[in-house]
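# Inside the fold
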Amino acid sequence: MTTDTSLIDSIRTRRDIDAVQLHTLLEQADEHLVAALRCAAQEQAVAVYGHDIYVRGLIEISNICRNNCYYCGIRRDNRKVQRYRLDKETILACCRTGYELGFRTFVLQGGEDAYYDDSRLCDIVGSIKHHHPDCAVTLSLGERSRESYRLLREAGADRYLLRHETADDSHYRQLHPDELSPVHRKECLFNLKELGYQVGAGFMVGSPHQTVDHLMSDIRFLQELQPDMIGIGPFLSHSDTPFHDQPDGDSDRCLRMLAILRLLFPKVLLPATTALGTADPLGREKGILYGGNVLMPNLSPMAVRKKYMLYDNKICTGDEAAECRACLSKRMEMIGYRIVVDRGDVKKI
Ligand code: SAH
């Protein structure tokens, strides 16, 4: 049987995909088709970013969360979690270490923890920008008011990561309790964009009850939002959540999805995520070879690494930041790429 790869050309030239094409690319077992998809996505990423890989230092500032997402290991009702939060000095120390290791972007991620009110957070963001004026500060702290996002932007925050999780409202309800609203989540993303943030959206691949049609809705939503970054990774179950017995998302499906996103959004920042590296020991390398161009290694203090468990078996929780950085450099070299010392802004032209 000869493989018809014309649909890949059609997606690449039209920068669009329909539901039938998405079904074919995600469900067909034809390895030649998958190889053609990978090559096309890789070629596109190299055309825009060369063999440069951008890195962001991820600082997990708190595992205290008021939300109860069914998939997440640090959800409010998980009594087994030893809760922590990092103070300003600790966060600044992580940034200092990160700067020496060549990071020029810091991502502060955490649960929705009321301790980080606007004044505390603006002070932290302002201090990072003061000490490292050549660095970008990214926040990934969930849903906040438009006014809060405005103040944080004023304080110097450059970017915000807020995965939309799923663009389909009824699927959103299957992943979250009623107190969370898909409309509000999307509204946050549009507010962030309007306020001048570089915005990252995204979703899990293989989350419980997800269908190809849901993924099609995700693509349509992303086409509307036009984010600067799209973060995707396989869903991985956590033993102390309502989804403890749900099957993990398939890492190969996630790779196919990455490649499709690269063809649809040629310039977008596309991380090969930690979840992908957890699902497959070579997941991050493969993520790059399927069109990714960003890595987000962990800069959190060793003492808290194992407490920020969004899912079981998360990798790199026992390694120092410097070890993670060195390990990733080697891994990238092995596949012909190099990590660069750069803020790593999205290429606009
Ligand atoms: N509180 C912040 C940060 C959430 S953690 C926020 O709401 O944006 C970052 C991402 O990890 C989430 O957006 C989710 O997509 C992902 N995540 C959470 N639990 C996961 C799991 N069990 N498997 C894979 N990814 C998960």
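The coordinates are above.
Report follows, based on the coordinates. The residue numbers shown here count from 1 along each chain, following its written sequence. The predicted nature of this model means local features are confined to residues of pLDDT at least 70 and side-chain atom pairs, given and counted, to a pLDDT of 80 or more, with totals for whole chains, interfaces and linings taken over all residues. With hydrogens and water set aside, each side-chain value is computed from the structure's full complement of heavy atoms.

Our next topic: unusual backbone geometry. A positive phi angle, close to 75 degrees, is found at E165, a residue other than glycine. A run of DSSP states H or I qualifies as a helix once it reaches four residues; a run of E qualifies as a strand once it reaches two. Both are numbered from the N-terminal end. Relative to the helices and strands, E165 resides in the loop between β5 (159–161) and α7 (169–175). At N313, a residue that is not glycine, the phi angle is positive and equals roughly 65 degrees. Secondary-structure assignment places N313 in the loop between α13 (302–305) and α14 (321–334).

The near set for a molecule or strand comprises every residue that places at least one heavy atom within 4 Å of it. Close contacts around the ligand come from 18 residues, with Y71, G110, R163, E165 and L236 the closest. Here E165 contributes a side-chain N or O atom positioned 2.5 Å from an oxygen atom of the ligand. Counting of polar contacts relies on pairs of N or O atoms within 3.5 Å, with two restrictions inside protein: one atom must be capable of donating a hydrogen and the other of accepting it, and residues adjacent in sequence are counted only when both atoms are side-chain atoms. Between the ligand and the protein, one listed contact pairs an oxygen atom with a side-chain N or O atom of R185 at 3.1 Å. Note on areas: Shrake-Rupley with a 1.4 Å probe; residue coverage comes only from the protein chains shown. Isolated, the ligand exposes 550 Å² of accessible area, and the fraction of that covered by the protein chains is 90%. Taken together, the residues of the shell around the ligand sort by class into 10 nonpolar, five polar and three charged. Polar here means any residue other than Ala, Val, Leu, Ile, Met, Phe, Trp, Tyr, Cys and Pro, which are nonpolar, and Asp, Glu, Lys and Arg, which are charged; Gly is therefore polar.

Salt bridges, as used here, are contacts in which a Lys or Arg side-chain nitrogen is within 4 Å of a carboxyl oxygen on Asp or Glu. In this structure the tally under the stated criterion is 27 salt bridges. With its nearest N and O atoms 3.1 Å apart, the salt bridge here joins R220 to D16. Of this pair, R220 sits in helix α9 (residues 212–225) while D16 is found in the loop between α1 (6–14) and α2 (19–27), placing the two residues 204 residues apart along the sequence. Between R104 and D134 there is a salt bridge, with its nearest N and O atoms 3.7 Å apart. Of this pair, R104 sits in the loop between α4 (88–100) and β3 (105–110) while D134 sits in the loop between α5 (118–131) and β4 (136–140), and the two are 30 residues apart along the sequence. Working definition: with a 1.4 Å probe on protein chains only, accessible area under 20% of the residue-type maximum means buried, over 50% means exposed, and in between means partly exposed. Relative accessible area serves as the criterion here: at 33%, D134 is assigned to the partly exposed category.

Now for the packing of aromatic side chains. Paired rings are identified among Phe, Tyr and Trp, the last through its six-membered ring, by centres lying within 6.5 Å, and are further divided according to the angle between planes into stacked (under 30 degrees), edge-to-face (over 60) and tilted (the rest). Inspection of the entire model under this criterion finds seven aromatic pairs. When the ring of Y160 is compared with that of Y197, the centres are 6.0 Å apart and the planes differ by 90 degrees; the resulting orientation is edge-to-face. Linking Y160 in strand β5 with Y197 in the loop between α8 (182–194) and β6 (198–205), this pair joins segments that are 37 residues apart in sequence. Residue class for Y160 comes out buried when judged on its relative accessible area of 0%. Under the relative-accessibility criterion, Y197 is labelled buried at 4%. Through successive ring pairs, a cluster of aromatic residues spans Y70, F235 and F243. Sitting over the ring of Y197, R153 keeps its end group 5.7 Å from the ring centre. Here, over-ring charges are defined by two tests on the NZ atom of lysine or the CZ atom of arginine: distance to the ring centre within 6 Å, and angle to the ring normal within 35 degrees. One Lys or Arg, K186, reaches over the ring of F221 and ends 5.5 Å from the middle of that ring.

Strands are treated as partners if at least two bridges between them are detected by DSSP. Taken in spatial order, the six strands make up an open sheet running β2-β3-β4-β5-β6-β7, and their pairing is parallel. Where the open sheet ends on each side, the last strands, each with one partner, are β2 (57–62) and β7 (229–234). Pairwise comparison of adjacent strand axes, ignoring direction, gives a mean angle of 20 degrees for this sheet. When β3 meets β4, the two strands line up parallel, connected through five bridges. Bridge assignment links F106 to a residue of β4, and that residue is V137. Between N-to-C directions, angles span 0 to 180 degrees; the directions come from axes that are lines fitted to C-alpha atoms, helices contributing only their stretch in contact.

Our next topic: the side chain of T105. If you trace the backbone, T105 turns up in strand β3. T105 gets classed as buried once you look at its relative accessible area, which sits at 0%. A distance of 3.1 Å separates polar atoms of two side chains, one belonging to T105 and the other to R159. Engagement of the side chain of T105 in a polar contact is seen with the backbone oxygen of R343, the distance being 2.8 Å. In this description, contact between two residues means that some pair of their heavy atoms is separated by no more than 4.5 Å. The residues contacting T105, other than those within four sequence positions of it, are V55, R56, G57, A136, T138, R159 and R343.

It is worth spelling out the pairing of β7 at this point. Of all the six residues making up β7, six are buried; the element is thus mostly covered by neighbouring parts of the structure. Bridging between β6 and β7 involves six bridges; their strand directions are parallel. Note that in β7 the partner of M204 across the bridge is G233. Chirality of the crossover, the property in question, places the unit of β6, α9 and β7 among those that are right-handed. When the strands point away from the viewer, a crossover counts as right-handed if the route from the first strand across the helix to the second turns clockwise.

The analysis is restricted to geometry; functional conclusions fall outside its scope.
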